[in-house]
Structure formats: C-alpha cells, structure tokens
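Survey of secondary and tertiary structure
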Amino acid sequence: MARIATTPKLADAYTDALPASRALYERARTLFPDAVTHDNRRMQPFPLYVDRAEGAFKWDVDGHRYIDYWMGHGALLLGHNPPAVRDAVREQAGKGTHYGACHPKEVEWASGSAGSCPAPSACASPPRAPRPPTWPCAWRAPSPASATS
C-alpha cells in the first residue's frame, strides 16, 4: 500500500487525539486482513472509527465531530440518520425485518414506483408456468427459454 509522506509530529498528534480509534485498530488488526473491511477505510497511521452520524456530521469514538465530505452510499441522498427514515425503520423493525413471504409493504412499494421504469417491457415480468404441487415452495418453474435450451 502506498504511504502518504507525513511528519512524525503530525502522526503523533493524530495518535494522541484518537486513543479509542487506535485501540479499535489494534483489535481489528487481529481480526481483518490489513485491519479494515473496505479498501477506502485504509488510513495511516490507522483509520478513524465512527460512533454515530447525523445529517452531514459524523462523531468518532473519541468524541470528535467531523463534517462528512466523504458521504458514501445512502448518505449521499438524505444525509446520515434522517429522522423520517430512522422512524420508519424503527416502526417496521418492531413488526419484523425479513418475512420471507409476500407482504402488503411490497405491494405498496411497487404501487408507488409503478411507471418509473423507462421501458415498460423492461419492467414486465414474463408469465410463469404453474408450479406442480409436488415441487418445494422455493423452486420456480423453468422459463420457456431454459426449457428449450
């Protein structure tokens, strides 16, 4: 891995300011290859460990607040921990997180996103052949294309 040239004084100040992050890093070194779970989290002398995030801010495990200019994944859309999303997740988690069955929310979601597909043919599901009653529930009937190939 490439190392960024830094002064010992700067590295010492970073290490002194982040003792909890340093401790987590030392523990992570025994658990993960190169002590990180994603390449973008690799930092020198060790990565910063985040405790919480809200809006445009993150707080590290040492209590420092940062403006999150990195803003990866879903945080790009709504910021971190938006109250409306947090409350909806909390409400749904109380009802269940993965039913493994059909449920009203999937129909509600599909109804809200209907018409957002650029090409109607790309969104249409091909009709499936009826499943024989002796097949396990998780199996689907072969598609016409796979049946002829």
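Residues numbered from 1 in each chain as written. Predicted model: local features only at pLDDT ≥ 70, side-chain atom pairs only at ≥ 80, totals over all residues. Heavy atoms only, no water.

1. So, the sheet that holds strand β3 (residues 65-67)
Filter applied, for reference: DSSP-based pairing: two strands are paired if at least 2 bridges between them are found. Under the DSSP-based scheme used, a helix requires at least four consecutive residues in state H or I and a strand at least two consecutive residues in state E, with every element numbered from the N terminus. For every element, the axis is a line fit to its C-alpha atoms; helices are fit only across the contacting stretch, and the angle between N-to-C directions ranges from 0 to 180 degrees.
Overall, antiparallel pairing links the 3 strands, which are arranged β1-β2-β3 in an open sheet. Of all strands in the sheet, those bounded by a partner on one side alone are β1 (50-54) and β3. Strand-to-strand, the axes of this sheet are offset by a mean angle of 25 degrees, without reference to chain direction. With 3 bridges connecting them, strand β2 (residues 57-60) and β3 associate as antiparallel partners. Across the sheet, the residue bridging to F57 is I67, located in β3.

2. Let's talk about the confidence of the model for the protein chain
The line we're drawing: Each residue carries a pLDDT score, the predictor's own confidence in it, on a scale running from 0 to 100. What makes two residues a contact is simply this: any of their non-hydrogen atoms within 4.5 Å.
Of all residues in the protein chain, 70% attain a pLDDT of 70 or more, and the chain-wide mean is 79. Confidence over residues 135-140 falls short of pLDDT 50; this stretch has 7 contacts with residues more than four positions distant or in other chains.

3. Remarks on the side chain of D68
Here is the rule we go by: Nitrogen and oxygen atoms within 3.5 Å of one another constitute a polar contact, given that in protein one can donate a hydrogen and the other can accept it, and given that sequence-neighbouring residues count only through two side-chain atoms.
As for its placement among the helices and strands, D68 is situated in the loop between β3 and α3 (75-78). In terms of polar contacts, D68 uses its side chain to reach the side chain of H80, at 2.5 Å. Other than its neighbours up to four places away in sequence, D68 contacts A56, F57, K58 and H80.

4. Quick look at the packing of aromatic side chains
Spelled out, the test is: Note on aromatic pairs: the rings of Phe, Tyr and Trp (six-membered ring only in Trp) are paired at centre separations within 6.5 Å, and the planes decide the class, stacked below 30 degrees, edge-to-face beyond 60, tilted for the rest. By definition here, charges over rings are those cases where NZ of Lys or CZ of Arg is within 6 Å of the ring centre and within 35 degrees of the ring normal.
For the coordinates displayed, the defined rule picks out 3 aromatic pairs. For the ring pair F57 and W59, a centre distance of 6.2 Å and an interplane angle of 50 degrees mean the geometry is tilted. In this structure an aromatic cluster arises from ring pairing among Y14, Y25 and F46. It is R52 that lies over the ring of W59; its NZ or CZ is 3.8 Å from the centre. In this structure, R65 is placed above the aromatic ring of F57, and the distance from its NZ or CZ to the ring centre is 4.1 Å.

5. Structural notes on the nonpolar core
As a reminder of what qualifies: Residues grouped as a nonpolar core are buried Ala, Val, Leu, Ile, Met, Phe, Trp, Tyr and Cys residues, joined through side-chain atoms within 4.5 Å. For each residue, the accessible area found with a 1.4 Å probe, counting protein chains only, is set against the maximum for its type, and the residue is called buried under 20%, exposed over 50%, and partly exposed in between.
Counting 6 residues, the largest nonpolar core is built from L18, Y25, A28, A35, F46 and Y49. Ignoring any residue separated from it by four or fewer positions in sequence, one finds L18 in contact with F46, L48, D60, D62, H64 and Y66.

6. Quick notes on the environment of D60
Within the secondary structure, D60 is located in strand β2. Taking the C-alpha atoms as reference points, D60 and S21, separated by 39 residues in sequence, lie 7.7 Å from one another. When near neighbours in sequence (up to four residues on either side) are disregarded, D60 contacts L18, L48, Y49, V50, D51 and Y66. Here the side chain of D60 touches D62 through a polar contact of 2.8 Å, landing on its backbone nitrogen. For D60, the side chain forms a polar contact with the main-chain nitrogen of H64, separated by 2.9 Å.

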